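Each chain, letter by letter, is given below.
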Amino acid sequence: MAVHHTFETDESVVPEAMRRFLWRRAYEISALAITSIVVVLGLALASWSADDPSLNHSIASKVTNWLGAPGAVVADLLMQSLGLACTIFVLVPLSWAAQLFQHKNIQNWKMRILFWLLASLAAAIFLASMPIPATWGLARGVGGFLGEIAAGALLSLFSIAVKSSMSNAIVFSVATLPSPWVVLIALGRGLMAWGGCA
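My aim in this report is to walk through the structure given alongside it, one point at a time. (Residues numbered from 1 in each chain as written. Predicted model: local features only at pLDDT ≥ 70, side-chain atom pairs only at ≥ 80, totals over all residues. Heavy atoms only, no water.)

### Thoughts on the pattern of salt bridges
Inference 1: Considering all chains together, one arrives at four salt bridges under this definition.
Inference 2: Between E28 and R25 there is a salt bridge, with its nearest N and O atoms 2.8 Å apart. Remark: R25 and E28 occur in helix α1 (residues 16-46); sequence separation between them is three residues, near one turn of the helix.
Inference 3: For E28, a relative accessible area of 23% puts it in the partly exposed group.
Inference 4: Note on R25: relative accessible area 27%, which makes it partly exposed.
Inference 5: Residues joined in a network through salt bridges with shared partners are E16, R19 and R20. (Salt bridge = Lys/Arg side-chain N within 4 Å of Asp/Glu carboxyl O. Helix = DSSP H or I, 4+ residues; strand = E, 2+ residues; numbered from the N terminus. Buried < 20%, exposed > 50% of the residue type's maximum accessible area, 1.4 Å probe, protein only.)

Set out below in C-alpha cells:
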C-alpha cells in the first residue's frame, strides 16, 4: 500500500519571529531601492545642463553631468517633459521610502501613485502658465511639454465658455488650488481628509 506523506504548508511552518525578520528586510530592501533611484535622479538633475548632449541635442561637446551621458539623457528627458515640476516627481517617493524604513505598510498605494502623477502634472501646468525666464535654456517652458500640452488642453476647454483672459485665470486656479491636497495625498498625509480613505 502506498504511503502518502503530508507536509505542513500553513504559516505555522515558519516561526513568527522569522516571518517578522523577513518582512522587515523586505521593507528595508524596498526602501533602499526607492532611495537609490531618487538619489540617482537627484544627482542627474542637480548637474543637468541644457548644453549637454542628449537624445534631441546631438553635439560633440564634453558631458558635464555628474553621472555622465546616461545622467545627461535622463535629466534632459525629465526637464523636457515636466520642467521644474520634475522635483515633485522625484522627491515624493522619498516619503514612501521613509515609511518602509520604519517597517510600515504603504496604505492605499495605488491611490498614492495616482496622486503622485497628478501632483507632478498639476505642478507642470502651474509652471507652464508662468513666463519663461531669459536664463531658461530650453525651447519649452519651465513646465515642460507635458505642462504645456495639459495647460493648452484646459485653455481650449474653458475658452469655449468664457473669455480667453478668464480661461487663463481658471487654468491657473485649476493647477494651483488643489495642488497642496494632491501632494499631501501622494505623501500619505492627506488620505484621512480624502473621504477617510486611509
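### Here's the deal with the packing of α1 against helix α4 (residues 93-101)
Inference 1: Interaxial distance between α1 and α4 falls to 8 Å at its minimum, and their mutual angle equals 155 degrees. In terms of orientation, α1 lies roughly antiparallel with respect to α4. As α1 runs across α4, the sense of the crossing is left-handed. On α4, the residues touching Y27, E28, S30, A31, L32, I34, T35 and V38 of α1 are P93, L94, A97, L100 and F101. (Axes fitted to C-alpha atoms, helices over the stretch in contact; angles between N-to-C directions. Parallel < 35°, antiparallel > 145°, perpendicular 65-115°, else oblique. Left-handed = near helix turned anticlockwise from the far one by under 90°. Contact = heavy atoms within 4.5 Å.)

### Brief notes about helix α2 (residues 68-82)
Inference 1: With 15 residues, α2 should reach 21 Å at 1.5 Å per residue; the first-to-last C-alpha distance of 21 Å fits that figure.
Inference 2: On its buried face, α2 sits against α1, α3 (86-91), α5 (109-128) and α6 (144-159).
Inference 3: Of the residues flanking the end of α2, it is G83, one or two places downstream, whose phi is positive at about 65 degrees. (Expected span 1.5 Å × (residues − 1).)

### A look at a nonpolar patch on the surface
Inference 1: Residues V13, V14, M18, F21 and L22 make up a contiguous nonpolar surface patch of about 430 Å² in total accessible area.
Inference 2: When you line up the elements, M18 lands in helix α1.
Inference 3: Assessed through its relative accessible area of 41%, M18 is described here as partly exposed. (Patch = residues over 30% accessible without salt bridge, like charges linked within 9 Å, V, L, I, M, F, W, Y side chains within 5 Å. Areas by Shrake-Rupley, 256 points an atom, 1.4 Å probe, with all protein chains shown as cover.)

### Here's the deal with the packing of aromatic side chains
Inference 1: Counted according to the given criterion, the structure contains four aromatic pairs.
Inference 2: On the basis of an interplanar angle of 20 degrees and a centroid distance of 4.8 Å, the ring pair of F89 and W116 is categorised as stacked. Taken as a pair, F89 in helix α3 and W116 in helix α5 lie far apart in primary sequence, 27 residues in all.
Inference 3: Note on F89: relative accessible area 22%, which makes it partly exposed.
Inference 4: Between W96 and W116, the ring centres sit 5.4 Å apart and the planes meet at 80 degrees, which makes this aromatic pair edge-to-face. With a gap of 20 residues between them, W96 in helix α4 and W116 in helix α5 connect regions that are remote in the sequence.
Inference 5: Members of the aromatic cluster, joined through ring pairs, are F89, W96 and W116.
Inference 6: The ring of F21 has R25 lying over it, and the distance from NZ or CZ to the ring centre is 4.6 Å. (Phe/Tyr/Trp six-rings, centres within 6.5 Å; stacked < 30°, edge-to-face > 60°. Lys NZ or Arg CZ within 6 Å of the ring centre and 35° of its normal.)

### As for the nonpolar core
Nonpolar side chains in soluble globular proteins tend to be buried together.
Inference 1: Core analysis: the largest hydrophobic core is formed by 22 residues, its most contacted members being L45, L78, M79, A85, C86 and V90.
Inference 2: Listed by contribution, the elements that provide at least two residues to this core are α1, α2, α3, α4 and α5.
Inference 3: Ranked by the residues each element gives to this core, the list is headed by α1, at seven residues.
Inference 4: Dropping the residues within four chain positions of it, V90 is found in contact with V38, L41, G42, L45 and L78.
Inference 5: Core analysis: the next-biggest nonpolar cluster, separate from the first, contains eight residues, W96, F115, V182 and I185 among them. (Core = buried A, V, L, I, M, F, W, Y, C linked by side-chain atoms within 4.5 Å.)

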